[in-house]
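Tertiary structure, described
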Amino acid sequence: MSEELLKQILDKLDSIDDKIDRIEGKLDATFEQVAKSAEAINEVSATQERHERILEILSKRSIEQESYIRRGKNQGTLI
């Protein structure tokens with residue numbers, strides 16, 4: 001092989017190495033963003049579950065209070 005051909009091959013390898021470095025950098029940034037997004041999703045999910053429990057409790061209380069009010073009206077007294 002001639003020196004010129006070896007130089008071209010080495011230049012091409014350097015170019016490929018640079019591209020791989022840029023791709024790895026982009027992948028690292030993407031993985032970091034995915035991890036942040038997953039964390040945010042978990043927080044939202046936990047908050048949603050808490051809100052659902054609160055709504056369930058409030059719904060039960062509302063039904064109970066409505067029942068008491070109806071019973072009081074049927075008995076002629078207000079609670």
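Everything below is about the structure printed above this text.
Parameters at a glance
Residues numbered from 1 in each chain as written. Predicted model: local features only at pLDDT ≥ 70, side-chain atom pairs only at ≥ 80, totals over all residues. Heavy atoms only, no water. Salt bridge = Lys/Arg side-chain N within 4 Å of Asp/Glu carboxyl O. Helix = DSSP H or I, 4+ residues; strand = E, 2+ residues; numbered from the N terminus. Polar contact = N/O pair within 3.5 Å; in protein donor to acceptor, adjacent residues only side chain to side chain. Patch = residues over 30% accessible without salt bridge, like charges linked within 9 Å, V, L, I, M, F, W, Y side chains within 5 Å. Areas by Shrake-Rupley, 256 points an atom, 1.4 Å probe, with all protein chains shown as cover. Buried < 20%, exposed > 50% of the residue type's maximum accessible area, 1.4 Å probe, protein only. Lys, Arg positive; Asp, Glu negative; His and termini not counted. Charge placed at Lys NZ, Arg CZ, Asp CG, Glu CD.

Overview of the pattern of salt bridges
According to the stated counting rule, one finds 4 salt bridges in the structure shown. Where Lys 36 meets Glu 32, a salt bridge forms, and the shortest distance between an N and an O atom there is 3.4 Å. Separated by 4 residues within a single helix, Lys 36 and Glu 32 lie in helix H1 (residues 3–74), roughly one turn from each other.

Comments concerning the environment of Arg 70
Locating Arg 70 in the fold gives a position in helix H1. Polar side-chain contacts of Arg 70 include one of 2.7 Å to the side chain of Glu 66.

Remarks on a nonpolar patch on the surface
Together, Met 1, Leu 5, Leu 6, Ile 9, Leu 10, Leu 13, Ile 16 and Ile 20 make up an exposed nonpolar region whose accessible area comes to about 750 Å². Structurally, the position occupied by Leu 13 is in helix H1. A residue is classified by how much of its surface remains accessible, and Leu 13, at 48% relative accessible area, is partly exposed.

Re a positive patch on the surface
On the surface, a cluster of positive charge is contributed by Lys 12, Lys 19, Arg 22 and Lys 26. Note that Lys 19 resides in helix H1. The exposure class assigned to Lys 19 is partly exposed, which follows from its relative accessible area of 43%.

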